Amino acid sequence: MLAVPDIIITSPILESGEKNFPSITVTRDMDDQDFNSSDLTLDSIIINNSDQGGLYPPSLYIAARSSNHRQQQNVEDFIQSRLTSIAPTSCRCTSIVKSVEESLECPVCRDRVGREVYQCHRGHIMCQPCRSRLLTCPVCRSLLTLPAIRNRAMERLASIL
């Protein structure tokens with residue numbers, strides 16, 4: 001029986017500003033014991049797909065193997081257009097990052113909290129310069145105690161972003 005590998009298409013969780021970092025990664029998943037190099041070659045896949053009216057035209061496989069940069073770019077563009085048609089309209093990663101950045105805003109000065117993040121007993125956060133000037137929480141008005149309570153989880157998130 002001919003074993004065909006699963007093709008897994010993934011994208012990075014956070015978008016990178018680097019041009020060298022791929023926006024899409026294509027890998028294949030297959031057990032070594034199922035692979036027989038004589039049975040499964042790219043040529044046999046092209047031939048089998050052309051007979052059955054496969055998912056992609058045989059010319060796409062040939063263009064992907066080509067050493068011509070323009071043909072390879074056409075294949076990349078084709079794959080990218082297919083992926084954008086099935087991808088959701090808004091990236092969930094972007095909305096998560098935006099939500100975390102909004103959570104890191106100090107309610108007093110409206111700046112993003114720095115290295116040290118402080119909180120009241122109910123969990124409302126504030127930056128270090130504002131905390132040193134306050135006697136009550138700016139959100140719930142509860143008394144701020146000494147020593148000041150740091151929020152280490154928010155500090156870690158602030159350092160990541």
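The written sequence of each chain sets the order in which its residues are numbered from 1. Reporting in this predicted model follows two pLDDT cut-offs: at least 70 for local features of residues, and 80 or more for side-chain atom pairs to be given and counted; totals over whole chains, interfaces and linings ignore these cut-offs and use all residues. Side-chain figures throughout are based on the complete set of non-hydrogen atoms in the structure, without hydrogens or water.

Draft legend 1. Expanded view of the overall build of the chain. Elements are defined by DSSP. Helices are runs of H or I of four residues or more, strands are runs of E of two residues or more, and each kind is numbered from the N terminus. Check the secondary structure of the chain and you find six helices and five strands. Buried residues in the chain amount to 20% of all 161 residues. Contacts in the chain between residues at least 24 apart in sequence constitute 36% of all its contacts with a sequence separation of at least 6. Each accessible area value is a Shrake-Rupley result obtained with a 1.4 Å probe; residue values ignore everything except the protein chains displayed when judging cover. Counting only carbon and sulfur atoms, one obtains 52% of the accessible surface of the chain, whose full area is about 12,300 Å². Between buried and exposed lies partly exposed: a residue is buried under 20% and exposed over 50% of the maximum accessible area for its type, with that area taken using a 1.4 Å probe on protein chains only. Contact between two residues is taken to exist if any of their heavy atoms lie within 4.5 Å; hydrogens are not considered.

Draft legend 2. Structural view of the pattern of salt bridges. Salt bridges, as used here, are contacts in which a Lys or Arg side-chain nitrogen is within 4 Å of a carboxyl oxygen on Asp or Glu. For the coordinates displayed, the defined rule picks out three salt bridges. A salt bridge links glutamate 155 to arginine 150, with the shortest nitrogen-to-oxygen separation between them at 2.9 Å. Its relative accessible area of 10% is what places glutamate 155 among the buried residues. Sharing partners across several salt bridges, the network here consists of Arg150, Arg152 and Glu155.

Draft legend 3. Molecular detail of helix α2 (residues 58-65). For α2, the full list of buried residues reads Leu60, Tyr61 and Ala63. Projected down its long axis, α2 shows its buried positions confined to an angular sector of 165 degrees, all on one face. Working note: the arc is built from the helix axis to C-beta atom directions.

Draft legend 4. Seen up close, the sheet that holds strand β4 (residues 125-127). On the basis of which strands lie adjacent, the open sheet formed by three strands has the order β4-β3-β5 and antiparallel pairing. Unpaired on one side and paired on the other, β4 and β5 (149-150) mark the two borders of the sheet. Looking at chain direction, strand β3 (residues 117-119) and β4 are connected through three bridges and run antiparallel. Paired with tyrosine 118 across the two strands is methionine 126, which belongs to β4. When DSSP finds two or more bridges between two strands, those strands count as paired.

Draft legend 5. Highlighting a nonpolar patch on the surface. Taken together, the side chains of Leu157, Ile160 and Leu161 define a hydrophobic patch exposed on the protein surface, amounting to about 260 Å² of accessible area. Within the secondary structure, isoleucine 160 is located in helix α6 (residues 152-160). With a relative accessible area of 60%, isoleucine 160 lands in the exposed category. The patch calculation keeps residues exceeding 30% relative accessible area without a salt bridge and links them within 9 Å when they carry like charges or within 5 Å when they are nonpolar (Val, Leu, Ile, Met, Phe, Trp, Tyr).

Draft legend 6. Looking closely at the environment of valine 139. As for its position among the elements, valine 139 is in the loop between α5 (128-133) and β5. Among the residues examined, valine 139 registers a relative accessible area of 47% and is labelled partly exposed. For valine 139 and glycine 123, which are 16 residues apart along the polypeptide, the C-alpha to C-alpha distance reads 10.0 Å. Residues contacting valine 139, with those up to four places away along its chain left out, are Pro107 and His124.

Draft legend 7. The arrangement of the nonpolar core in detail. Each nonpolar core is a collection of buried residues, namely Ala, Val, Leu, Ile, Met, Phe, Trp, Tyr and Cys, held together in the definition by side-chain atoms within 4.5 Å. Ranked by internal contacts, the top residues of the largest apolar core, which has 15 residues, are Cys106, Val113, Met126 and Leu144. Mapped by element, the contributors of at least two residues to this core are β3, β4 and α6. The biggest single contributor to this core is β4, with three residues.

Draft legend 8. A look at unusual backbone geometry. A cis amide bond links leucine 146 to the next residue, proline 147, at an omega of -5 degrees. The phi angle at arginine 110 is positive, at roughly 65 degrees, despite the residue not being glycine. Along the polypeptide, arginine 110 turns up in the loop between α4 (92-103) and β3. In this model, arginine 141 sits at a positive phi of 65 degrees, which is unusual for a non-glycine residue. Its place among the elements puts arginine 141 in the loop between α5 and β5.

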